[in-house]
Amino acid sequence: MSRRGLLRSAAFGAGAVTLPSLLSACDSGPGGDAKTVRLGSNSSDAVPKKAFADAFKAYGEQSEEGRTVKVNTVDHNTFQENINRYLQGKPDDVFMWFAGNRMQFFAKKGLLHDISDLWQDFQGFSPALKAQSTGEDGKQYLTPYYYYPWAVFHRKSVFKEHGYQAPKTLDEYIALAKQMQKDKLVPIAFCDKDGWPVMGTFDYINMRTNGYDFHRDLMAGKEAWTDKRVKEAFDTWRRILPYCQKGANGRTWQEAAQSLQKKESGMAVFGLPHAGQQFPVSEQDDLDFFPFPVINPEHGLDAVEAPIDGFLLAKNSKNLKNAKNLASAKDLLKWLATPKAEDIYLASDPNNIAVNSGADTSKYSALQKKSVELISGAKQISQFMDRDTRPDFSSTVMIPALQKFIGNPNDVDGLVNDIERQRKTIFAAD
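I will try to describe carefully the structure that is included in this document.

Calculation rules
Every chain's residues receive numbers from 1 upward, in the order its sequence appears when written. pLDDT decides what is reported in this predicted model: residues at 70 or higher carry local features, side-chain atom pairs at 80 or more are listed and counted, and totals for whole chains, interfaces and linings draw on all residues regardless. Side-chain metrics in this entry use all non-hydrogen atoms of the structure; hydrogen atoms and water are not considered. Strands here are runs of E lasting at least two residues and helices are runs of H or I lasting at least four, both read from the DSSP assignment and numbered beginning at the N terminus. Here the expected span of a helix is defined as 1.5 Å times the quantity of residues minus one. Note on exposure labels: buried denotes an accessible area under 20% of the residue type's maximum, exposed denotes more than 50%, and partly exposed covers the range between, all computed with a 1.4 Å probe on protein chains only. Note that the arc is defined by the directions from the helix axis to the C-beta atoms. Here, the term disulfide refers to a pair of cysteine sulfur atoms separated by no more than 2.5 Å. In this text, buried Ala, Val, Leu, Ile, Met, Phe, Trp, Tyr and Cys residues form a nonpolar core when linked through side-chain atoms within 4.5 Å. We call two residues contacting when some pair of their heavy atoms lies within 4.5 Å.

### Points about helix α2 (residues 46-62)
Here is step 1: The end-to-end C-alpha distance of α2, which contains 17 residues, comes to 25 Å, matching closely the 24 Å that a straight helix rising 1.5 Å per residue would cover.
Here is step 2: Those residues of α2 lying buried are P48, A51, F52, A55, F56, A58 and Y59. An end-on view of α2 places all buried positions within 155° of arc, on one side of the element. Exposed side chains of α2 directed beyond 90 degrees from the buried face belong to A46, K57 and E61.

Next up, the structure:
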């Protein structure tokens, strides 16, 4: 998520396995141990992996039936790029995934269990969260767990040392980048080896330039990529590219975030976890952010990118064809929907925001509190390109297109013509 479907080793239990194992090893057949819930996880980085382990351990300790969670952790990118094969094969009972369009896509294909019965008793979730967890058929399929904002991250100490001020407009952003170059910093940490990181930059540029409504329709396949408004967004991006780290298509997001942590770069457009998880605990308080700057005053800072992550039940899990196993899996989701479950997770990973209104926010860091303010003040919230559009369009079209643009930003007409040709084919299938 590479998100290009390249098969590579994945961490599965104790050993490294190839993707075929992901599609078969977890299935024990119907009537298996109803006290063991099998869960597919893409949280392969150390911080979230430990936080989830803490949460699942707590679930087992409070379970009167003695239930346990067996977690199959798979490399983040491999999991996401092969989710379609995974769900159509022999998936785990429960798996981690995203709200919005990407959830709705698999619900429409009949690959998810309806959990509307659980939602009747869920507490602390806003109508907006419920909407993002609802399929096109009006049924709920996702138990939301946390969300996080995308913004422009930087180190307070670096800004203080050089006297930098957070820019409010695109011109100020570029002026700051020029000054960082003079100060021997790489202005903007930049990466796209994983295929998805630069999507956040495009989303913000498009929403700031053309507004949320146009961006939403573009992601839904309702607008043409050859529209002059899209070309304007790419032209704006070209103004920023000279200040970005070179060789982005060969750099992972972890490497880019680490360059920010090492004070080699001055800024980075990331989600809160992507920046925060690469900073040691002793340096967490030095991390800060500002909203992606205004491009068109008509749209200002109206939109914020704030993806929601959660848990779903896989319809093709053979274990869940057994009523007792299904009840066990639903019991886990019921617990994960509680404030306590979120509190336990966030105690080990303070780089996300709880979705349940009953969660304890008293221990939130300054960065978490600032994140809540940013999101609560937004007029519109987007989920991220690879969640707001069809997964096949995101993976097969947009990943290579944006990587091509980064490698050669001078042929915008050719780029958008190619995207549009493929958009017509893919969305015509609906």
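That was the structure; now back to the text.
### Remarks on the state of the cysteines
Here is step 1: Taken as a whole and assessed by the stated rule, the structure comprises zero disulfides.
Here is step 2: As a non-bridged cysteine, C191 has C244 as the owner of its nearest cysteine sulfur, 10 Å distant.
Here is step 3: The class of C244 is buried, set by a relative accessible area of 5%.

### Describing unusual backbone geometry
Here is step 1: At K184, a position not held by glycine, the phi torsion is positive, near 65°.
Here is step 2: Within the fold, K184 resides in the loop between α9 (170-182) and β8 (186-189).
Here is step 3: Residue K263 is not a glycine yet carries a positive backbone phi of 65°.
Here is step 4: Tracing the sequence through the fold places K263 in the loop between α13 (253-261) and β9 (265-271).
Here is step 5: For K263, a relative accessible area of 38% corresponds to the partly exposed category.

### Topic: the nonpolar core
Here is step 1: If you look at the biggest cluster of nonpolar residues, it comprises 136 residues, and the most contacted ones within it are W225, F234 and W237.
Here is step 2: When sequence neighbours within four positions are dropped, the list of residues in contact with W237 reads F190, V198, T201, F202, I205, L402 and F405.

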